[in-house]
Amino acid sequence: MDSATKDEMQPSLLPGPEWPEQERAEQLARGAALKWASGIFYRPEQLARLGQYRSREVQRTCSLEARIKSVVQSYLEGVKTGVWQLAQASEAVQGAREALGQAHGLLQGMAETTQTLKPLREQVAQHKRLQVLSQLLPRLWAVPAAVAHTQTLIATQRLLEAYVCLRELEQLQEETWAPLEGLELPVFEGLGPLAEALGRAVEAAAGAAGQLAREDPALLVAAVRVAEVDAGYMASLELAPRDWRQRCLQALQEGLERTHFGTPLLPEPGALAGWLEALRVALPAELAIAEALVAPCCPPHYKVVQLWAHTLHSGLRRCLQQLLEGPGLGAADAFTLLHWALHVYLGPEMMGSLELGPEADVSQLEPLLTLENIEQLEATFVAQIQANVTQWLQRALDEEVAEWNREQEPGTDSSGFYHSPMPAIVLQILEENIRVTSLVSESLQQRVHGMALSELGTFLRSFSDALIRFSRDHASGEATAPHYVPYLLATLNHQSALSSSVSGLQPEGAASGALAPVETALDELQRRICRLVLEALLAELQPLFAALPSRRWLSSPELLDDVCERTARFCQEFRRVRNPAAQLLLAEAERMVVLQYLRALMQGRLVCRGAHERTQVAERLQHDAAQLRELFLGLGLEESVQCAPVLLALRDLLNLRDPMLLGLEVAGLRQKFPDVSEDHISALLDLRGDVSREQRLAALSSLQAGPQPSPSAGRRALFSLVPAPTPALSSCLPSGPCA
């Protein structure tokens, strides 16, 4: 294209409207020029140079106009070139549009032609499938026979061969999938059940691992190898695992549990002990078989011995939990289970045997019995043992009480003391139950120890109540006992035997004050027996003391001789009582005789008529005190614990010749016997018969004015147990109790 044509195609540039910025630029230029001119020509001397400034500005203006024209010309030339290029591009686009339209038409024609080729394509694909099937047809025809053969191999427990056949059939099935595009042939429908049958056969073999390890280890090895090989094969092909390995391990555990814990245990009497004894023998033997026979048949990562130990432990634990959730156990079964679970199971006879390796250690697993289980079993054992102990003790007491009304005296031991097997039976029952629980745990022993002490306290109270009924029936005549006192003395020996042996019930480490209630009950029982014996003695002596004091008593020792004779005869039975109970009885008997003597003196039956009778009374008191002292010394009572010396103190009071000195004598009597009262002193002064009212008041005032008696731990009450007649008001002190 020549330049003339090019010029013709270029559009002419007509002057357009002025730019808005142009006006603003001119205004700014004019303002700047005016500012500059005003600054230059501000002074008159500079006006001479106006021409120079004009010519210089004209040159600058021309230069700017030339530069502007050059820029505008260059811009116009670029615009002309761009317009020409746009025209050329428009022509090229139009040509491309026409070419694309022609291509679109051609493509529509080719699509219609392709639709006519689709049946041919399908025929080609079918031909390829038929070609593959024709090549695999001999092998496919053999699939049913191979499936039947594999089933036969499974039935005959030839597991490795069966697995090889199954693998070949599965590989053939995989070879048909790709050509047939995942199409499943009916001939392969039996592979799924066949694989499941082989898996069950592997499970069955693993479930009987213990038996197979002894009888047919090859079958066990084959089952384990099939499970292991299949796990690796399925993992290499990234197929869904059949979990034969996991099923094999689970079958090992289930078979082991089924062998030892498959039969539910019923809490029949004696069944639990036999079952636990069988486990004591069977579980270590099972672990030994696992270590010697089963472990070599399995891969090392199976950890057969550890698996065996943990499975047996968990199965036994679950079985025991089911047993405890059922009907309640008896005392024997609860004790057997506690002892077996806490001591035998982890002991050297079972899981703690040195013959077992470290893999068989179950000490770090959950215990067979939880704390709640142990609490439940201990409570069951203690409750039932308590019921049995109550029954046994009551039977022993009933047998003992039944003998109290016999015609024969109580039996004696080789030393001549009254004896009965009842205390030994009671203590043996309690000691045996406490001792046997030490084989289980300290907590159970403490429970049974507390129960035993409680039952012993109940037994002692029942024993005491039986004695009261025995005494009441004997006194009322309803059931007169031929040997009432001997049997009371025999019970005192029973109390002594229990008291001396009760400390043997205290286990090591028990609280020191645990026996305090029982010791208190024993002391109370001893006091009650002594009181009943002394009441029997008192019943014999009361008629004799009714004649004391009297004129006959002053003149003859016959009355006291009768008292001493009956007392000696009665107390002769005390030789059948063991010490210290015998000494206690003698001391109480001597005090009772003295108290009855004092009671008779205080009754006011005798008043001395003169100094001669007072002397007779004093001599009689001295004689009686010496007679009583000799009596009880002969019976074996130590003189230091006798109360008869009180009669000598009364003798001094009655034998005092000067009534003015009665105050000193009364004060001395008060120092020796602090429990003497004004009433007792008044009764004694009445017995003297020569004390005036003033002398009486002076003597009584000495009780209050004199020094208070010093306390003595060994001093026993006498006067406080003797009632005295109330004196006349004329003989009382204004501040005394009778005033």
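My aim in this report is to walk through the structure given alongside it, one point at a time.

About the thresholds
Residues numbered from 1 in each chain as written. Predicted model: local features only at pLDDT ≥ 70, side-chain atom pairs only at ≥ 80, totals over all residues. Heavy atoms only, no water. Phe/Tyr/Trp six-rings, centres within 6.5 Å; stacked < 30°, edge-to-face > 60°. Helix = DSSP H or I, 4+ residues; strand = E, 2+ residues; numbered from the N terminus. Buried < 20%, exposed > 50% of the residue type's maximum accessible area, 1.4 Å probe, protein only. Axes fitted to C-alpha atoms, helices over the stretch in contact; angles between N-to-C directions. Parallel < 35°, antiparallel > 145°, perpendicular 65-115°, else oblique. Left-handed = near helix turned anticlockwise from the far one by under 90°. Contact = heavy atoms within 4.5 Å. Nonpolar A, V, L, I, M, F, W, Y, C, P; charged D, E, K, R; others polar.

Taken as a whole and assessed by the stated rule, the structure comprises ten aromatic pairs. Between Phe 470 and Tyr 484 the ring centres are 5.2 Å apart and the planes differ by 40 degrees, which places this aromatic pair in the tilted class. You can see Phe 470 sitting in helix H16 (residues 442–476) and its partner Tyr 484 sitting in helix H17 (residues 484–501), a full 14 residues away along the chain. For the pair Phe 470 and Tyr 484, one class covers both residues: buried. Members of the aromatic cluster, connected to one another through ring pairs, are Trp 404, Phe 459, Phe 463, Phe 470 and Tyr 484.

Here the amide bond leading from Asn 579 into Pro 580 is cis, since omega sits at 5 degrees, within 30 degrees of zero. Relative to the elements of secondary structure, Pro 580 occurs in the loop between helix H20 (558–571) and helix H21 (581–602). The phi dihedral of Gln 157 is positive, around 60 degrees, even though this residue is not glycine. Tracing the backbone through its elements, the reader meets Gln 157 in the loop between helix H5 (143–155) and helix H6 (159–177).

Before going further, it helps to examine the environment of Gly 190. Relative to the helices and strands, Gly 190 resides in the loop between H6 and helix H7 (191–207). Since its relative accessible area comes to 29%, Gly 190 is described here as partly exposed.

Taken N-terminus to C-terminus, the directions of helix H24 (residues 662–672) and helix H25 (residues 678–688) make an angle of 135 degrees; their axes are 12 Å apart at the nearest point. Viewed along their axes, H24 and H25 adopt a mutual orientation that is oblique. Handedness of the H24/H25 crossing: right-handed. The segment H24 lies against H25, with Leu 662, Val 666 and Leu 669 engaging Ile 681, Leu 684, Leu 685 and Arg 688. Among the residues forming the contact of H24 with H25, the class breakdown is six nonpolar, no polar and one charged.

Moving on, we come to the packing of H20 against helix H22 (residues 611–635). At a minimum axis distance of 11 Å, the contact between H20 and H22 shows a crossing angle of 15 degrees. Regarding the angle of H20 to H22, the classification is roughly parallel. Handedness of the crossing formed by H20 with H22: right-handed. Taken together, the residues of H22 that come into contact with H20 (itself represented by Leu 560, Asp 561, Cys 564, Thr 567, Ala 568 and Cys 571) are Asp 624, Gln 627, Leu 628, Leu 631, Phe 632 and Leu 635. By residue class, the composition of the contact of H20 with H22 is eight nonpolar, two polar and two charged.

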